[in-house]
Amino acid sequence: MNVSIFYDTPKYVNQFQMFIESKKELFHSFTYEYIPLEKEIPTKDSISIFLLNSQRANSSHLTNTIQRLKQLGAHDKSMIFVINDIEKISNEEVAIVYKDLEKKLSRLIEDPKILFVSLTGYEVMQRYKSEGVVSTFLFSNHKDGAVKTFQQILHERNIQLLIEYSGVQKLEEAIKKLLKKEFLAIKRDPSKKYIFAYRLDPLFLRELQKDISLFIQVIDTEDDLEFLREEVEAIVVTSRYFYEITEDNLNSYRNMILLVDGSNQIQLFEMEKAIRKWKHKFPDTLFIPVNSYPLSKLDNIVTEELIKDKDIVIVDDNGFPLPKTTIKNWKNVLFKSSGIDVVKNVLLQRREEIFV
């Protein structure tokens, strides 16, 4: 995954590189690019970390960069805003900087992630550990306002105080969480509808991926699923066999599209009664009856075998069986009888239209 580091103060590059190097077991496999805030931004997929000076964080360069990222299709949650050099401002100034920046960012993105750090404080600790250098670093504890020197910290054997003050633990955790969600790095093509597929039957996944108007992002962890459930615009689709579904487990599909797969066990129209009942009890789930069995026949269509196959039942628009000997275009008929055309039409709607 690519990580774009935007900065407004040149010395932050070395400080952040030092931080990354000290955590190389966590962050070594990612590609980092350091970009001055006023420069042109890359168009490739990446997450973005903003290293901002506490005394000039609220700049027009920041606004312009965020707007450009949004134009390129960046996800709101792909950005972290890190206010550095907090040792240079008071508790009152920290509150003011946070309030002003949050107000500005909230006009551009939803729920901005803002952290305060002292990379200088962290650098002091790292140099002491590696070289034994005792710095004259001075900081004001933001919890009680007490002024401390690094020498006092060592004398009191309270290095944890400086670790907490530096904010690197929270920064590390925020970056770790972000790097786990690779789908957030994707810059979205505005001409496509983005859909998240969670444990979706490969036959359905293959057919959906053929539609050029859809971009299907596969997710496979419960952590990703829970994150996306709370996203205002995210559409998550999954599938389960009809006989696997019970009212006891339907709560686990809230805010999702559930493809109810009859396979070769039950036809679409035969599932309608149960689905109507589920819709009434679980309004936060959209149930769509589908049948994966016809899709499994698309790669090798043999008319004689399909006519003999008792599990292939073709019905008209009113649900009445059609004589299979009259079918001329088996590809279209199999596709339609799977219900996947209905699924595609639903996925192309806006989220608020889907979950009404």
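Conventions we followed
- Residues numbered from 1 in each chain as written.
- Predicted model: local features only at pLDDT ≥ 70, side-chain atom pairs only at ≥ 80, totals over all residues.
- Heavy atoms only, no water.
- Patch = residues over 30% accessible without salt bridge, like charges linked within 9 Å, V, L, I, M, F, W, Y side chains within 5 Å.
- Areas by Shrake-Rupley, 256 points an atom, 1.4 Å probe, with all protein chains shown as cover.
- Salt bridge = Lys/Arg side-chain N within 4 Å of Asp/Glu carboxyl O.
- Lys, Arg positive; Asp, Glu negative; His and termini not counted.
- Charge placed at Lys NZ, Arg CZ, Asp CG, Glu CD.
- Helix = DSSP H or I, 4+ residues; strand = E, 2+ residues; numbered from the N terminus.
- Buried < 20%, exposed > 50% of the residue type's maximum accessible area, 1.4 Å probe, protein only.
- Pairing = 2+ DSSP bridges.
- pLDDT = per-residue confidence, 0-100.
- Expected span 1.5 Å × (residues − 1).
- Polar contact = N/O pair within 3.5 Å; in protein donor to acceptor, adjacent residues only side chain to side chain.
- Contact = heavy atoms within 4.5 Å.
- Axes fitted to C-alpha atoms, helices over the stretch in contact; angles between N-to-C directions.

The subject of this paragraph is a positive patch on the surface. On the surface, Lys113, Lys170, Lys177 and Lys180 cluster together into a positively charged patch. Along the chain, Lys170 falls in helix H8 (residues 168-180).

Right, let's talk about the pairing of strand S3 (residues 47-53) for a bit. In terms of burial, S3 is largely enclosed, as 7 of its 7 residues are buried. Residues Ile47, Ile49, Leu51 and Asn53 of S3 are buried on one face, and the alternating residues Ser48, Phe50 and Leu52, pointing to the opposite face, are buried as well. Sheet topology places strand S1 (residues 2-7) next to S3; 5 bridges connect them, and they run parallel. Residue Ile5 lies in a different strand from S3, and its bridge partner there is Ile49. Strand direction decides the pairing type here: S3 and strand S4 (residues 79-84), joined by 6 bridges, are parallel. By the bridge assignment for S4, Leu51 is matched with Val82.

Looking now at the confidence of the model for the protein chain. Scored by pLDDT, the protein chain comes out at a mean of 87, with 96% of its residues at no less than 70. When mean pLDDT is taken per element in the protein chain, S4 scores highest with 96 and helix H16 (residues 351-354) scores lowest with 65.

A few words now on a negative patch on the surface. Negative charge collects at one region of the surface, where Glu102, Glu110, Asp111 and Glu233 lie side by side. Given a relative accessible area of 31%, Glu102 falls into the partly exposed group.

Between its terminal C-alpha atoms helix H1 (residues 11-22) stretches 17 Å, which fits the 16 Å expected from 12 residues at 1.5 Å a residue. By the burial criterion, the buried members of H1 are Tyr12, Val13, Gln15, Phe16, Met18, Phe19 and Ile20.

Topologically, Asn158 is positioned in the loop between helix H6 (150-155) and helix H7 (159-166). Its relative accessible area of 29% is what places Asn158 among the partly exposed residues.

Its location among the elements puts Ser46 in the loop between strand S2 (31-36) and S3. Polar side-chain contacts of Ser46 include one of 3.1 Å to the side chain of Ser4. For Ser46, the contacting residues outside a window of four places in its chain are Asn2, Val3, Ser4, Ala185 and Lys187.

The next thing to look at is the sheet that holds S4. Overall, parallel pairing links the 5 strands, which are arranged S2-S1-S3-S4-S5 in an open sheet. At either end of the open sheet lies a strand with only one pairing partner, and these are S2 and strand S5 (114-116). Across this sheet, the average inter-strand angle for adjacent strands is 20°, counted without regard to direction. Across the face of the sheet, helix H3 (residues 60-71) comes into contact with S1, S3 and S4 while running at roughly 175° to S3.

A few words on the sheet that holds strand S12 (residues 285-290). What links the strands of a sheet is backbone hydrogen bonding, and the strands pair in either a parallel or an antiparallel sense. Here 5 strands make up an open sheet; going across it, the order is S9-S8-S10-S11-S12 and the pairing parallel. Each having just a single partner strand, strand S9 (214-219) and S12 make up the two edges of the open sheet. Neighbour-to-neighbour, the strand axes of the sheet open up by a mean angle of 30°, direction not taken into account. Relative to S12, strand S11 (residues 256-261) runs parallel, the two sharing 6 bridges. Within S12, the position partnered with Val260 by the bridge is Pro289. In this fold helix H9 (residues 202-209) packs onto strand S8 (193-198), S9, strand S10 (236-241), S11 and S12, with an angle of close to 145° to the strand it touches most, S9.

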